[in-house]
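For reference, the chains in residue letters:
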Amino acid sequence: MDEVRRYSRHLIIPDVAMDGQKRLKNARVLCVGAGGLGSPALMYLAAAGVGTLGIVEFDTVDESNLQRQIIHGQSDIGRPKAESAAATIREINPLVNVVIHNTALDNDNVFEIFGQYDLIVDGTDNFATRYLVNDAAVLLGKPYVWGSIYRFDGQASVFWAEHGPCYRCLYPEPPPPGMVPSCAEGGVLGVLCASIGSIQVTEAIKLLTGVGEPLVGRLMVYDALEMTYRSVKVRKDPDCALCGENPTITGLIDYDDFCGAVSAEAQEAADGATITAAELKEMFDAGKEFYLVDVREQAEYEIVRIPGSVLIPKGEILNGSALATLPQDRQIVLHCKSGVRSAEALAALKAAGFKDSVHVQGGVLAWVNTVDPSLPTY
Ligand code: ZN
(Lines give C-alpha, C1' and ligand atoms only; values in the text may rest on other atoms or scores of the structure.)
Protein backbone atom coordinates (compact mmCIF):
# COMPACT_ATOMS: atom_id res chain seq x y z
CA MET A 1 0.00 0.00 0.00
CA ASP A 2 2.87 2.35 0.81
CA GLU A 3 4.19 1.64 -2.64
CA VAL A 4 0.90 2.55 -4.27
CA ARG A 5 1.01 5.90 -2.48
CA ARG A 6 4.66 6.48 -3.30
CA TYR A 7 4.32 5.72 -7.00
CA SER A 8 0.79 7.06 -7.51
CA ARG A 9 1.88 9.67 -10.09
CA HIS A 10 3.32 6.86 -12.20
CA LEU A 11 0.38 4.53 -11.62
CA ILE A 12 -2.15 7.01 -13.00
CA ILE A 13 -0.24 7.33 -16.30
CA PRO A 14 -2.12 4.81 -18.45
CA ASP A 15 1.03 3.72 -20.36
CA VAL A 16 2.94 2.99 -17.15
CA ALA A 17 0.28 1.94 -14.61
CA MET A 18 0.72 -1.01 -12.25
CA ASP A 19 2.30 -3.22 -14.88
CA GLY A 20 5.02 -0.67 -15.75
CA GLN A 21 5.70 0.08 -12.10
CA LYS A 22 6.10 -3.64 -11.38
CA ARG A 23 8.59 -3.90 -14.22
CA LEU A 24 10.61 -1.09 -12.67
CA LYS A 25 10.51 -2.83 -9.30
CA ASN A 26 11.75 -6.08 -10.85
CA ALA A 27 14.49 -4.33 -12.84
CA ARG A 28 18.18 -4.49 -12.08
CA VAL A 29 20.05 -1.43 -13.35
CA LEU A 30 23.76 -0.75 -13.09
CA CYS A 31 25.16 2.75 -13.18
CA VAL A 32 28.83 2.95 -14.16
CA GLY A 33 30.16 5.94 -12.27
CA ALA A 34 28.55 8.02 -9.52
CA GLY A 35 29.84 11.32 -10.85
CA GLY A 36 28.30 14.00 -13.04
CA LEU A 37 25.94 11.80 -15.06
CA GLY A 38 25.64 9.07 -12.45
CA SER A 39 24.32 11.51 -9.82
CA PRO A 40 21.03 12.52 -11.50
CA ALA A 41 20.73 9.09 -13.11
CA LEU A 42 20.90 7.24 -9.79
CA MET A 43 18.66 9.71 -7.97
CA TYR A 44 15.85 9.58 -10.55
CA LEU A 45 16.15 5.83 -11.07
CA ALA A 46 15.83 5.42 -7.31
CA ALA A 47 12.89 7.80 -7.07
CA ALA A 48 11.21 6.02 -9.98
CA GLY A 49 11.27 2.77 -8.06
CA VAL A 50 13.88 0.68 -9.88
CA GLY A 51 14.15 -2.35 -7.61
CA THR A 52 17.88 -2.97 -7.70
CA LEU A 53 20.44 -0.27 -8.41
CA GLY A 54 24.12 -1.12 -8.76
CA ILE A 55 26.86 1.46 -8.52
CA VAL A 56 30.38 0.87 -9.86
CA GLU A 57 32.68 3.61 -8.62
CA PHE A 58 36.18 3.59 -7.13
CA ASP A 59 36.66 7.31 -6.53
CA THR A 60 36.14 9.39 -3.40
CA VAL A 61 34.19 12.64 -3.14
CA ASP A 62 36.25 15.77 -3.74
CA GLU A 63 35.13 19.34 -3.12
CA SER A 64 35.47 20.06 -6.87
CA ASN A 65 32.81 17.39 -7.58
CA LEU A 66 30.04 19.20 -5.71
CA GLN A 67 29.47 21.76 -8.49
CA ARG A 68 27.64 19.05 -10.46
CA GLN A 69 27.65 15.68 -8.67
CA ILE A 70 24.52 16.42 -6.69
CA ILE A 71 24.15 12.97 -5.18
CA HIS A 72 27.06 13.93 -2.86
CA GLY A 73 27.12 16.72 -0.29
CA GLN A 74 29.56 18.79 1.73
CA SER A 75 29.76 16.22 4.55
CA ASP A 76 30.61 13.45 2.04
CA ILE A 77 33.97 14.96 1.05
CA GLY A 78 36.62 12.26 1.40
CA ARG A 79 34.05 9.46 1.48
CA PRO A 80 33.91 6.76 -1.24
CA LYS A 81 31.48 8.00 -3.88
CA ALA A 82 29.70 4.64 -4.07
CA GLU A 83 28.89 4.78 -0.33
CA SER A 84 27.87 8.41 -0.42
CA ALA A 85 25.61 7.73 -3.44
CA ALA A 86 24.08 4.70 -1.72
CA ALA A 87 23.23 6.79 1.36
CA THR A 88 21.46 9.42 -0.77
CA ILE A 89 19.53 6.71 -2.63
CA ARG A 90 18.35 5.17 0.64
CA GLU A 91 17.14 8.59 1.74
CA ILE A 92 15.24 9.11 -1.54
CA ASN A 93 13.74 5.63 -1.62
CA PRO A 94 14.42 3.01 1.06
CA LEU A 95 12.64 0.38 -1.07
CA VAL A 96 15.58 0.29 -3.51
CA ASN A 97 18.10 -2.51 -3.07
CA VAL A 98 21.45 -0.76 -3.57
CA VAL A 99 24.46 -2.85 -4.59
CA ILE A 100 27.83 -1.18 -4.17
CA HIS A 101 30.76 -2.17 -6.37
CA ASN A 102 33.49 -0.06 -4.79
CA THR A 103 36.03 -0.80 -7.51
CA ALA A 104 37.26 0.39 -10.88
CA LEU A 105 35.58 -1.42 -13.75
CA ASP A 106 38.19 -3.49 -15.61
CA ASN A 107 38.58 -6.47 -17.93
CA ASP A 108 38.69 -8.87 -14.98
CA ASN A 109 35.43 -7.82 -13.31
CA VAL A 110 33.26 -6.34 -16.06
CA PHE A 111 31.49 -9.55 -17.17
CA GLU A 112 30.85 -10.67 -13.61
CA ILE A 113 29.40 -7.26 -12.66
CA PHE A 114 27.43 -6.61 -15.88
CA GLY A 115 26.05 -10.14 -15.71
CA GLN A 116 24.03 -9.22 -12.62
CA TYR A 117 22.02 -6.49 -14.38
CA ASP A 118 19.39 -6.07 -17.12
CA LEU A 119 20.45 -2.61 -18.21
CA ILE A 120 23.53 -0.46 -17.88
CA VAL A 121 23.69 3.31 -17.64
CA ASP A 122 27.10 4.58 -18.67
CA GLY A 123 28.20 7.67 -16.79
CA THR A 124 31.94 7.30 -17.40
CA ASP A 125 34.17 10.21 -18.28
CA ASN A 126 37.07 8.54 -20.07
CA PHE A 127 37.45 6.76 -23.37
CA ALA A 128 39.12 3.60 -22.08
CA THR A 129 36.18 2.78 -19.77
CA ARG A 130 33.66 3.89 -22.39
CA TYR A 131 34.99 1.35 -24.91
CA LEU A 132 35.17 -1.28 -22.18
CA VAL A 133 31.51 -0.68 -21.28
CA ASN A 134 30.48 -0.85 -24.93
CA ASP A 135 32.43 -3.98 -25.75
CA ALA A 136 31.28 -5.85 -22.64
CA ALA A 137 27.65 -4.85 -23.24
CA VAL A 138 27.80 -5.98 -26.88
CA LEU A 139 29.55 -9.25 -26.00
CA LEU A 140 26.91 -9.96 -23.34
CA GLY A 141 24.03 -8.82 -25.58
CA LYS A 142 22.87 -6.19 -23.07
CA PRO A 143 21.47 -2.75 -23.85
CA TYR A 144 23.06 0.32 -22.36
CA VAL A 145 22.28 4.00 -22.18
CA TRP A 146 25.26 6.17 -23.03
CA GLY A 147 25.80 9.85 -22.30
CA SER A 148 28.64 12.32 -22.60
CA ILE A 149 29.11 15.94 -21.58
CA TYR A 150 31.63 18.69 -22.21
CA ARG A 151 31.36 22.39 -21.41
CA PHE A 152 27.96 23.34 -22.93
CA ASP A 153 27.45 20.27 -25.13
CA GLY A 154 26.03 16.86 -24.43
CA GLN A 155 25.17 13.67 -26.31
CA ALA A 156 23.15 10.59 -25.46
CA SER A 157 22.05 7.38 -27.14
CA VAL A 158 20.97 3.83 -26.47
CA PHE A 159 23.37 1.21 -27.78
CA TRP A 160 21.98 -2.28 -28.20
CA ALA A 161 23.82 -4.25 -30.87
CA GLU A 162 20.95 -6.70 -31.42
CA HIS A 163 18.61 -3.88 -32.41
CA GLY A 164 20.90 -1.13 -33.67
CA PRO A 165 24.39 0.30 -33.70
CA CYS A 166 26.97 0.15 -30.91
CA TYR A 167 29.30 2.91 -29.74
CA ARG A 168 32.02 1.63 -32.09
CA CYS A 169 29.68 1.97 -35.09
CA LEU A 170 29.54 5.67 -34.23
CA TYR A 171 33.13 6.12 -33.00
CA PRO A 172 35.31 3.27 -34.37
CA GLU A 173 38.49 4.84 -32.95
CA PRO A 174 39.06 6.94 -29.84
CA PRO A 175 40.43 10.44 -30.44
CA PRO A 176 44.23 10.68 -30.20
CA PRO A 177 45.32 11.10 -26.56
CA GLY A 178 45.28 14.75 -25.58
CA MET A 179 43.03 15.78 -28.49
CA VAL A 180 39.81 15.80 -26.48
CA PRO A 181 40.17 17.39 -23.06
CA SER A 182 38.35 15.78 -20.15
CA CYS A 183 35.87 17.70 -18.01
CA ALA A 184 38.69 18.10 -15.48
CA GLU A 185 40.78 19.82 -18.14
CA GLY A 186 38.13 21.60 -20.17
CA GLY A 187 35.35 22.17 -17.69
CA VAL A 188 31.66 21.40 -17.79
CA LEU A 189 28.57 23.41 -16.95
CA GLY A 190 27.28 21.61 -13.85
CA VAL A 191 23.62 21.56 -14.82
CA LEU A 192 24.49 19.91 -18.16
CA CYS A 193 24.78 16.69 -16.14
CA ALA A 194 21.08 16.96 -15.30
CA SER A 195 20.11 17.61 -18.93
CA ILE A 196 21.94 14.54 -20.25
CA GLY A 197 21.47 12.38 -17.14
CA SER A 198 17.71 12.91 -17.34
CA ILE A 199 17.69 11.76 -20.98
CA GLN A 200 19.56 8.64 -19.88
CA VAL A 201 17.04 7.92 -17.11
CA THR A 202 14.12 8.59 -19.45
CA GLU A 203 15.53 6.06 -21.90
CA ALA A 204 16.24 3.56 -19.13
CA ILE A 205 12.65 3.79 -17.89
CA LYS A 206 11.29 3.48 -21.44
CA LEU A 207 13.37 0.36 -22.05
CA LEU A 208 12.37 -1.20 -18.74
CA THR A 209 8.66 -0.48 -19.07
CA GLY A 210 8.44 -0.95 -22.85
CA VAL A 211 6.89 2.49 -23.31
CA GLY A 212 7.64 4.71 -26.32
CA GLU A 213 10.39 4.60 -28.94
CA PRO A 214 13.83 3.95 -27.46
CA LEU A 215 16.80 6.04 -28.59
CA VAL A 216 18.26 3.07 -30.48
CA GLY A 217 19.87 4.12 -33.77
CA ARG A 218 19.58 7.79 -32.89
CA LEU A 219 21.99 10.19 -31.24
CA MET A 220 20.64 13.09 -29.20
CA VAL A 221 22.83 16.16 -29.47
CA TYR A 222 22.19 18.91 -26.93
CA ASP A 223 23.58 22.43 -27.20
CA ALA A 224 22.93 24.40 -24.02
CA LEU A 225 24.07 27.73 -25.52
CA GLU A 226 21.64 27.50 -28.42
CA MET A 227 19.17 25.54 -26.26
CA THR A 228 18.60 22.99 -29.00
CA TYR A 229 18.17 19.23 -28.99
CA ARG A 230 18.82 17.50 -32.29
CA SER A 231 18.29 13.83 -33.03
CA VAL A 232 20.72 12.36 -35.57
CA LYS A 233 20.21 8.97 -37.18
CA VAL A 234 23.03 6.52 -36.50
CA ARG A 235 23.23 3.38 -38.56
CA LYS A 236 24.75 0.07 -37.63
CA ASP A 237 28.09 -0.14 -39.44
CA PRO A 238 28.32 -3.47 -41.30
CA ASP A 239 32.11 -3.10 -41.03
CA CYS A 240 32.03 -2.43 -37.27
CA ALA A 241 34.99 -4.26 -35.71
CA LEU A 242 32.75 -5.48 -32.88
CA CYS A 243 29.12 -5.82 -34.01
CA GLY A 244 29.62 -5.86 -37.81
CA GLU A 245 29.33 -8.76 -40.21
CA ASN A 246 32.97 -9.88 -39.83
CA PRO A 247 33.99 -8.78 -36.37
CA THR A 248 37.72 -8.61 -35.62
CA ILE A 249 37.13 -7.95 -31.93
CA THR A 250 35.72 -11.06 -30.29
CA GLY A 251 36.76 -10.42 -26.70
CA LEU A 252 37.95 -7.62 -24.45
CA ILE A 253 41.10 -5.77 -25.51
CA ASP A 254 43.72 -3.61 -23.76
CA TYR A 255 41.68 -0.38 -23.45
CA ASP A 256 44.41 1.82 -22.01
CA ASP A 257 46.55 0.87 -24.97
CA PHE A 258 43.69 1.33 -27.44
CA CYS A 259 42.93 4.79 -26.10
CA GLY A 260 46.58 5.78 -25.69
CA ALA A 261 46.24 6.37 -21.98
CA VAL A 262 49.73 6.32 -20.49
CA SER A 263 50.13 5.82 -16.74
CA ALA A 264 51.90 8.52 -14.75
CA GLU A 265 54.73 6.08 -14.04
CA ALA A 266 55.18 5.29 -17.74
CA GLN A 267 55.01 8.98 -18.61
CA GLU A 268 57.79 9.73 -16.15
CA ALA A 269 59.96 6.92 -17.53
CA ALA A 270 59.41 8.16 -21.08
CA ASP A 271 60.38 11.77 -20.30
CA GLY A 272 63.76 12.30 -21.93
CA ALA A 273 63.89 8.65 -23.04
CA THR A 274 61.74 8.86 -26.14
CA ILE A 275 63.02 8.80 -29.69
CA THR A 276 61.13 9.30 -32.94
CA ALA A 277 60.88 6.72 -35.70
CA ALA A 278 63.11 8.97 -37.85
CA GLU A 279 65.75 8.97 -35.09
CA LEU A 280 65.56 5.18 -34.94
CA LYS A 281 66.18 5.08 -38.70
CA GLU A 282 69.22 7.35 -38.21
CA MET A 283 70.55 4.98 -35.55
CA PHE A 284 70.25 2.10 -38.05
CA ASP A 285 71.87 4.13 -40.81
CA ALA A 286 74.75 5.22 -38.56
CA GLY A 287 75.43 1.54 -37.75
CA LYS A 288 74.85 2.13 -34.04
CA GLU A 289 74.86 -0.93 -31.77
CA PHE A 290 71.53 -1.33 -29.99
CA TYR A 291 68.93 -3.99 -29.18
CA LEU A 292 65.50 -3.30 -30.67
CA VAL A 293 62.68 -4.97 -28.75
CA ASP A 294 59.10 -5.16 -30.01
CA VAL A 295 56.82 -5.50 -26.97
CA ARG A 296 53.62 -6.29 -28.88
CA GLU A 297 52.02 -9.72 -29.19
CA GLN A 298 52.97 -12.49 -31.64
CA ALA A 299 49.90 -11.91 -33.89
CA GLU A 300 50.74 -8.24 -34.27
CA TYR A 301 54.38 -9.06 -34.98
CA GLU A 302 53.20 -11.32 -37.83
CA ILE A 303 51.30 -8.44 -39.45
CA VAL A 304 54.12 -5.91 -39.50
CA ARG A 305 57.49 -5.49 -37.83
CA ILE A 306 60.46 -3.17 -37.86
CA PRO A 307 63.38 -5.05 -39.48
CA GLY A 308 65.86 -6.28 -36.88
CA SER A 309 63.42 -6.17 -33.97
CA VAL A 310 63.13 -8.99 -31.43
CA LEU A 311 59.68 -9.86 -30.11
CA ILE A 312 59.29 -9.84 -26.32
CA PRO A 313 55.63 -9.25 -25.34
CA LYS A 314 55.15 -6.53 -22.71
CA GLY A 315 53.89 -8.98 -20.10
CA GLU A 316 57.20 -10.85 -20.09
CA ILE A 317 59.04 -7.62 -19.34
CA LEU A 318 56.57 -6.50 -16.66
CA ASN A 319 56.69 -9.84 -14.84
CA GLY A 320 60.48 -9.90 -15.09
CA SER A 321 60.76 -13.23 -16.90
CA ALA A 322 62.41 -11.73 -19.99
CA LEU A 323 64.89 -9.50 -18.20
CA ALA A 324 67.68 -12.11 -18.13
CA THR A 325 67.58 -12.45 -21.93
CA LEU A 326 68.34 -8.78 -22.48
CA PRO A 327 71.92 -7.75 -23.31
CA GLN A 328 73.73 -5.58 -20.73
CA ASP A 329 76.28 -4.14 -23.15
CA ARG A 330 73.98 -2.38 -25.57
CA GLN A 331 71.29 0.26 -25.39
CA ILE A 332 67.79 -1.22 -25.47
CA VAL A 333 65.23 0.41 -27.71
CA LEU A 334 61.60 -0.57 -27.12
CA HIS A 335 58.65 -0.12 -29.41
CA CYS A 336 55.04 -1.28 -29.66
CA LYS A 337 52.13 -0.32 -31.91
CA SER A 338 51.59 3.27 -30.83
CA GLY A 339 53.97 4.00 -27.95
CA VAL A 340 51.76 3.23 -24.95
CA ARG A 341 52.79 -0.32 -24.11
CA SER A 342 56.45 0.47 -24.80
CA ALA A 343 56.32 3.36 -22.31
CA GLU A 344 55.01 0.96 -19.67
CA ALA A 345 57.71 -1.59 -20.49
CA LEU A 346 60.29 1.19 -20.39
CA ALA A 347 59.29 2.07 -16.82
CA ALA A 348 59.81 -1.58 -15.84
CA LEU A 349 63.18 -1.78 -17.64
CA LYS A 350 64.48 1.39 -16.01
CA ALA A 351 63.39 0.12 -12.62
CA ALA A 352 65.34 -3.08 -13.35
CA GLY A 353 68.51 -1.08 -13.98
CA PHE A 354 68.51 -0.61 -17.76
CA LYS A 355 68.90 3.11 -17.24
CA ASP A 356 69.82 4.17 -20.79
CA SER A 357 66.96 2.37 -22.52
CA VAL A 358 64.55 4.38 -24.66
CA HIS A 359 61.27 3.83 -26.50
CA VAL A 360 59.96 4.87 -29.89
CA GLN A 361 57.23 7.49 -29.96
CA GLY A 362 54.25 6.36 -32.03
CA GLY A 363 55.61 2.81 -32.30
CA VAL A 364 55.55 0.74 -35.46
CA LEU A 365 52.75 2.93 -36.86
CA ALA A 366 55.10 5.94 -36.76
CA TRP A 367 57.80 3.82 -38.42
CA VAL A 368 55.41 2.94 -41.25
CA ASN A 369 54.23 6.53 -41.60
CA THR A 370 57.59 8.25 -41.58
CA VAL A 371 60.14 5.64 -42.65
CA ASP A 372 58.57 2.89 -44.73
CA PRO A 373 55.01 3.56 -45.97
CA SER A 374 55.16 0.34 -48.04
CA LEU A 375 54.63 -1.74 -44.88
CA PRO A 376 51.10 -2.79 -43.84
CA THR A 377 49.32 -1.28 -40.82
CA TYR A 378 46.48 -2.50 -38.64
ZN1 ZN B 1 29.12 -1.66 -33.74
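Treat the numbers as computed from the prediction; the structure is a model and nothing was measured.

Colleague: Help me out: how do you make sense of the overall build of the chain in this one?
Modeller: A tally of helices and strands in the chain yields 17 helices and 13 strands. A burial count over the chain gives 49% of its 378 residues as buried. For the chain, the proportion of contacts with a sequence separation of at least 24, taken over those separated by at least 6, is 67%. For the chain, the exposed area adds up to about 17800 Å²; of that, 52% sits on carbon and sulfur atoms. Computing the positive centroid from 31 side-chain charges and the negative centroid from 48, the chain places the two 7 Å apart.

Colleague: I would appreciate a short explanation of the coordination of the zinc ion in the present structure.
Modeller: Six octahedral donors around a metal ideally sit at 90 or 180 degrees from one another, while four tetrahedral donors ideally sit at 109.5 degrees. Only Cys-166 (SG), Cys-169 (SG), Cys-240 (SG) and Cys-243 (SG) from the protein reach the zinc ion as donors, at distances of 2.3 Å. Considering all four donor atoms around the zinc ion, angles at the metal cover 94 to 121° and the coordination shape is tetrahedral. Look at where the donors of the zinc ion fall in the sequence and you get C-x2-C-x70-C-x2-C.

Colleague: Explain the pattern of salt bridges to me, please; I cannot follow it from the model alone.
Modeller: Pairs can form between side chains of opposite charge once their charged atoms are near each other. Taken as a whole and assessed by the stated rule, the structure comprises 15 salt bridges. A salt bridge links Asp-59 to Lys-81, with the shortest nitrogen-to-oxygen separation between them at 3.6 Å. Of this pair, Asp-59 sits in the loop between β2 (52–56) and α5 (81–92) while Lys-81 sits in helix α5; the two residues are 22 residues apart in sequence, bridging distant segments of the chain. The exposure class of Asp-59 is partly exposed, given its relative accessible area of 30%. Given a relative accessible area of 5%, Lys-81 falls into the buried group. Between Lys-314 and Glu-344 there is a salt bridge, with the nearest N and O atoms lying 3.5 Å from each other. You can see Lys-314 sitting in helix α15 (residues 314–318) and its partner Glu-344 sitting in helix α16 (residues 340–351), a full 30 residues away along the chain. Taking relative accessible area as the criterion, Lys-314 reaches 13% and is therefore assigned buried. Given the relative accessible area of 25%, Glu-344 is considered partly exposed.

Colleague: What exactly am I supposed to notice about the domain arrangement of the chain here?
Modeller: Many analyses report the size of an interface as the accessible area lost when the parts associate. With domains assigned, the chain is organised as domain 1 (2–259) and domain 2 (264–370). The straight-line distance from the C-alpha centre of domain 1 to that of domain 2 is 38 Å.

Colleague: Which parts of the structure should I look at to understand the environment of Asp-122?
Modeller: Relative to the assigned elements, Asp-122 resides in strand β4 (residues 119–122). C-alpha of Asp-122 to C-alpha of Ile-89: the two residues are 33 residues apart in sequence and 18 Å apart in space. Side chain to side chain, Asp-122 and Thr-124 meet in a polar contact 2.6 Å long.

Colleague: Quick question: what am I supposed to make of the sheet that holds strand β1 (residues 28–32) here?
Modeller: Strand pairing in a sheet relies on backbone hydrogen bonds, with the paired strands running either antiparallel or parallel. Read from one edge to the other, the open sheet built from eight strands follows the order β3-β2-β1-β4-β5-β6-β7-β8, with strand pairing classed as mixed. Looking along the sheet, the strands with just one partner apiece sit at the ends: β3 (97–101) and β8 (228–233). On average, each strand axis in the sheet is tilted by 15° relative to the strand beside it, whichever way the strands run. Here β2 runs beside β3; their pairing, made up of five bridges, is parallel. Looking at the pairing, Val-56 lines up with His-101 of β3. Of the strands in this sheet, β1, β2 and β4 are in contact with helix α4 (residues 38–48), which crosses β2 at around 165°.

Basis of the calculations
- Residues numbered from 1 in each chain as written.
- Predicted model: local features only at pLDDT ≥ 70, side-chain atom pairs only at ≥ 80, totals over all residues.
- Heavy atoms only, no water.
- Helix = DSSP H or I, 4+ residues; strand = E, 2+ residues; numbered from the N terminus.
- Buried < 20%, exposed > 50% of the residue type's maximum accessible area, 1.4 Å probe, protein only.
- Contact = heavy atoms within 4.5 Å.
- Areas by Shrake-Rupley, 256 points an atom, 1.4 Å probe, with all protein chains shown as cover.
- Lys, Arg positive; Asp, Glu negative; His and termini not counted.
- Charge placed at Lys NZ, Arg CZ, Asp CG, Glu CD.
- Donors = N, O, S within 2.8 Å, 3.2 Å for Na, K, Ca; no water.
- Tetrahedral: all angles 85-135°; square planar, octahedral: opposite > 155°, others 65-115°.
- Salt bridge = Lys/Arg side-chain N within 4 Å of Asp/Glu carboxyl O.
- Domains from an automatic or database assignment.
- Polar contact = N/O pair within 3.5 Å; in protein donor to acceptor, adjacent residues only side chain to side chain.
- Pairing = 2+ DSSP bridges.
- Axes fitted to C-alpha atoms, helices over the stretch in contact; angles between N-to-C directions.

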